[in-house]
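Architecture at a glance
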Amino acid sequence: MSGPAAHLAAVEAVVTTVRPAGNLDVVTLSVPDDDAWERGRPGQLVVLPRDPTFGRVLPEVHWLAGSHVDPIHGASIELMLPLERATEPGERIRLLGPLGRGFAPPSQQVPVLLVGHEGGAVPLHWLVEILRARGCTVHVLLGSSDPQLHVDLVHLRRHARTVVLTLPEDLSASLERMLDDPDIDPAVVYAGAPVTILREIARAGVARGLAVRVAALDLDQPVVCGTGLCGACDLDVHDGRSSMVLRACLEGPVIPGDWLLGSMP
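Here is what the cut-offs are and how they apply
Along every chain, residues carry numbers that run from 1 in the direction the sequence is written. Confidence filtering applies because this is a predicted model: local features only for residues at pLDDT of at least 70, side-chain atom pairs given and counted only at 80 or more, and all residues used for totals across whole chains, interfaces and linings. Think of the side-chain values as coming from all heavy atoms in the structure, minus any hydrogens and water. The term salt bridge refers to a side-chain nitrogen of Lys or Arg lying within 4 Å of a carboxyl oxygen of Asp or Glu. Grouping into patches uses exposed residues only, defined as over 30% relative accessible area, and leaves out salt-bridged ones; the cut-off is 9 Å for like charges and 5 Å for nonpolar side chains (Val, Leu, Ile, Met, Phe, Trp, Tyr). Per-residue and other accessible areas were derived by the Shrake-Rupley procedure at a 1.4 Å probe size, with only the shown protein chains allowed to occlude residues. Positive charges are assigned to Lys and Arg, negative charges to Asp and Glu, while His and the chain termini are left out of the count. In this description, the location of a charge corresponds to atom NZ of lysine, CZ of arginine, CG of aspartate or CD of glutamate. Comment: elements are numbered from the N terminus, with helices defined as DSSP H or I runs of at least four residues and strands as E runs of at least two. Strands were regarded as paired on the criterion that DSSP finds at least two bridges between them. Angular values range over 0 to 180 degrees, each being the angle between N-to-C directions of two axes fitted as lines to C-alpha atoms, with helices fitted over their stretch in contact. Whether two residues are in contact is decided by their heavy atoms, any of which lying within 4.5 Å being enough. To sort residues, take the accessible area from a 1.4 Å probe on protein chains only and compare it with the maximum for the residue type: under 20% means buried, over 50% means exposed, and anything in between is partly exposed. Buried residues of nine kinds, namely Ala, Val, Leu, Ile, Met, Phe, Trp, Tyr and Cys, make up a nonpolar core once their side-chain atoms join them within 4.5 Å.

1. Things to note about the pattern of salt bridges
Enumeration over the complete set of coordinates arrives at seven salt bridges. A salt bridge links Glu251 to Arg247; the nearest nitrogen and oxygen atoms lie 3.4 Å apart. In this structure, a network of salt bridges that share partners links the residues Glu176, Asp180 and Arg208.

Written as structure tokens, this is what we have:
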């Protein structure tokens, strides 16, 4: 194996707190001190390796939903895990991370639009905090077929100026309205959703001359390894010069949105 995952060893993390958020638990884990966690970004991944002793015959791949390091409490991370997993404080979990490329915040204080669909919105949960701390005005658009699938709305509403909820079939129209709203006037669009939806988001943003960055990995579909080996997340992209197959978990997940638009400039 080549790439960043080749140099990581699984570490043992300890669950410190668990709180429900819709159909997910927001799980805080204490992890061994490592500069990699301090450099972690929204849009990166954490892999729970296979562990037959606990009945896990395939790895689990999750979005890194938060990473914090302080001199008193050490390093901790957040994951959003399914409620049915019944994660408990004190549980010990082996994991690899952080993996992949995450979202980079803009270099200036500019208005930002975050667009998410169900589980794809998990990285935005952390990104909204970072953007607000940088002085950016943040607006959020979320699509979901079920209100229970929206990710931690209380947290998002605490940090964003506006949070708009819509059904999947209305997401495109809501996006167009928000992109053209002079009270929002975003300079950058960040998005997390299935690739078919990301293409719509990218097309609308690029057509308006906006910078668009997308987390192009759908964890609601089978992702077998999270380290670039299995090929389940291979994605055809065009980087403006040539077409290529990108291993989204390793060479992404975060990529420029226009890469999803073929040869479109």
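2. Considerations on a negative patch on the surface
Taken together, the side chains of Asp33, Asp34, Asp35 and Glu38 define an acidic patch exposed on the protein surface. Among the secondary structure elements, Asp35 is positioned in helix H1 (residues 35-38).

3. Digging into the sheet that holds strand E7 (residues 112-117)
Two strands in a sheet stick together by hydrogen bonds in their backbones, pointing the same way (parallel) or opposite ways (antiparallel). Pairing is mixed in the open sheet, where six strands are placed in the order E9-E8-E7-E10-E11-E14. The strands lining the two open edges of the sheet, one partner per strand, are strand E9 (162-166) and strand E14 (254-256). Averaged over all pairs of adjacent strands, the angle between strand axes in this sheet comes to 20°, irrespective of strand direction. The pairing of strand E8 (residues 138-143) with E9 spans five bridges and is parallel. Across the sheet, His139 pairs through a bridge with Thr162, a residue of E9. Relative to E7, helix H2 (residues 122-133) is tilted by about 170°, and along the sheet it contacts E7, E8 and strand E10 (188-192). Running at roughly 165° to E8, helix H4 (residues 171-180) makes contact with E7, E8, E9 and E10 of the sheet.

4. A short note on the pairing of E8
Counting buried residues along E8, six of its six residues qualify, which places the element largely inside the surrounding structure. Side-chain alternation along E8 places Val138, Val140 and Leu142 on one buried face and His139, Leu141 and Gly143 on a second face that is also buried. In this structure, E7 lies alongside E8, joined through six bridges in parallel fashion. Directly across from Gly116, in E8, lies its bridge partner Leu142.

5. What to know about the nonpolar core
The biggest cluster of nonpolar side chains holds 67 residues, and the ones touching the most others in it are Leu114 and Val115. By residue number, the principal contributor to this core is helix H5 (residues 195-207), which donates seven residues. Of all hydrophobic cores here, the second largest spans 16 residues; its members include Ala13, Leu64, Ile77 and Ile93.

Don't take any of this as a statement about function, it's just geometry.
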